[in-house]
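Listed below, chain by chain, are the residues.
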Amino acid sequence: MAAAMSNVEEIRSRVILQEYGIRNVHTTDFPGNYPGYDDTWSMQTFKKNFRVDIVDMDDSTMEFDMVGVDAAIANAFRRILLAEVPTMAVEKVFIYNNTSIVQDEILAHRLGLIPIKADPRLFEYRNEGEDDEEGSEIDTIKLQLKVKCSRNPRATKDSADPRELYLNHMVYSKDMKWVPIGNQADVFADANIGPVHGDILLAQLRPGQELDIVMHCVKGIGQDHAKFSPVATASYRLLPEISLLAPVEGEQAERLRSCFSRGVMELEDRDGKKFAKVVNSRLDTCSREVLRHEDLKNLVKLARVRDHFIFTVESSGVLPPDVLVTEAIKVLMTKCSRFLNELNTSNME
Amino acid sequence: MLALLLKYKPHVSVLFSVSVDVEFCGYSITHPSESKINFRIQTRGGVPASEPLRAGLTQLNDVCQHVLNTFQARVDEFKGRQDQPME
């Protein structure tokens, strides 16, 4: 329970959560900083200490642990997931007819935010330039939305329910139909291109109102506009570490257990008395509630392991989350090689 | 001494400073709206400053490659484990 760690080890590897602040936040293991420690970077030590553990994964969310990297690299992956992994999204909206209550620009904004199920790796970026209207088949997806609301002739006379009175009065994202350009019909024959979710309400109509809209989707990154971000969100937290500094029993143990998230601490029976025991500190949300109680705050030590990152990646549906993470890592590698190339070519001059 | 102007953001100055020859390594943003950074490396001992930069970038590339390989291997392993109870 109380892992006796030398002070130096603790400064090097743990972030301590205290009542009025947080200690040891920054990485300090630079070469030369600690006498007796060889901190020069070595790929071998990195490979030895590095590991990835997948905790949970399904089509839309994944939770995995990355251990042994520096915070800067973990943060770089997180930022790239948010802002630099490309997706397809509606960019140009050609409104031929909009007699609905929703204003043109509001409707266009909503259409842009809808996630489009199309693998962005199969498309190119579009060159913004002279050809404003035409998009070619390798960089544009064309979608059409054509809905007209009319009165339902078969509705009963006294009904007040719009679902009975009107036909097509709710415009959903499933009404957005893909219009293949060029050879897209053959290339993407089995991939049904369209919005990821069909039940997003875009507008409401009443009889006589209609929408006739053509949309062009292009490839972009979240840095340009948040609609291109492929993740619902991607975040990480450090692994919490809770250690008891002294045995806690009885009523105090009960109160101590209630200070943490459920499942973190349990009471075990020893000699007829209940003692508190840390079972799973990973589940804790680190609210530091225990530090609010005078008699409990000196019994525990709250810390976080500085190089153990628990990532949670939620995809917006375009690509599965594991593909998103691999794409993010590839983006970082592309940047490195690009700088290396520039460095090499500029040195020749 | 080498002062550079790099375009685009996420970067890792930590990896560069782990070489013993580097005396100073840091960056600053020219202006928040511009995606450029001023990156400065100062070496001691007559080592040309582009060396730690090149070494750092190569190391970062290797680190990413290793992360990618490990991650993909673990994902395949996880998916394999998931399919097994189904059968």
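Please refer to the structure higher up on the page.
Because the structure is a prediction, the values reported are computed rather than measured.

K.L.:
Please explain the packing of aromatic side chains as it appears in this structure.
P.N.:
Here the distance between the centres and the angle between the planes together describe a pair of aromatic rings. Applying the stated criterion to the full structure yields six aromatic pairs over all chains. Their ring planes at 50 degrees and their centres at 5.4 Å tell us that Tyr 236 of chain A and Phe 311 of chain A sit as a pair that is tilted. Here Tyr 236 of chain A is found in strand E15 (residues 231–244), whereas its partner Phe 311 of chain A is found in strand E18 (residues 300–315), with 75 residues between them in sequence. According to the relative accessible area criterion, Tyr 236 of chain A is partly exposed, its value standing at 24%. On the basis of relative accessible area, Phe 311 of chain A is assigned to the buried category, the value being 1%. Clustering of aromatic rings is evident, with ring pairs tying together Phe 64, Tyr 236, Phe 309 and Phe 311 of chain A together with Phe 71 of chain B. Stacked on the ring of Tyr 125 of chain A, the Lys or Arg Lys 219 of chain A has its end atom at 4.8 Å from the ring centre. Just above the ring of Phe 275 of chain A sits the side chain of Arg 270 of chain A; from NZ or CZ to the centre is 4.4 Å.

K.L.:
Help me understand the nonpolar core, please; the structure alone is not making it clear to me.
P.N.:
Soluble globular proteins tend to pack their nonpolar side chains together in the buried interior. Counting 51 residues, the largest nonpolar core has Phe 64 and Met 66 of chain A as its most contacted members. Elements supplying a minimum of two residues to this core: strand E3 (51–57), strand E4 (61–67), helix H3 (71–83), E15, E18 and helix H8 (321–348) of chain A together with strand E3 (36–43) and helix H2 (50–86) of chain B. Sort the elements by how many residues they give to this core and H8 of chain A lands first, with 12 residues. Counting 26 residues, the second-largest nonpolar core is a separate cluster that includes Leu 111, Cys 149, Tyr 166 and Phe 188 of chain A.

K.L.:
So what exactly am I meant to see when it comes to the sheet that holds strand E14 (residues 210–220) of chain A here?
P.N.:
Residue and element names in this part refer to chain A. Strand order in the open sheet formed by four strands is E5-E14-E7-E11, and the pairing between neighbours is antiparallel. With partners counted over all chains shown, the strands left at the sheet margins are strand E5 (87–98) and strand E11 (176–179), one partner each. Direction aside, neighbouring strands of the sheet carry axes that sit 30 degrees apart on average. Sheet topology places E5 next to E14; 10 bridges connect them, and they run antiparallel. Opposite Thr 87, over in E14, you have Gly 220 as the bridge partner.

What counts as what
- Residues numbered from 1 in each chain as written.
- Chains lettered and ligands numbered in written order.
- Predicted model: local features only at pLDDT ≥ 70, side-chain atom pairs only at ≥ 80, totals over all residues.
- Heavy atoms only, no water.
- Phe/Tyr/Trp six-rings, centres within 6.5 Å; stacked < 30°, edge-to-face > 60°.
- Helix = DSSP H or I, 4+ residues; strand = E, 2+ residues; numbered from the N terminus.
- Buried < 20%, exposed > 50% of the residue type's maximum accessible area, 1.4 Å probe, protein only.
- Lys NZ or Arg CZ within 6 Å of the ring centre and 35° of its normal.
- Core = buried A, V, L, I, M, F, W, Y, C linked by side-chain atoms within 4.5 Å.
- Pairing = 2+ DSSP bridges.
- Axes fitted to C-alpha atoms, helices over the stretch in contact; angles between N-to-C directions.

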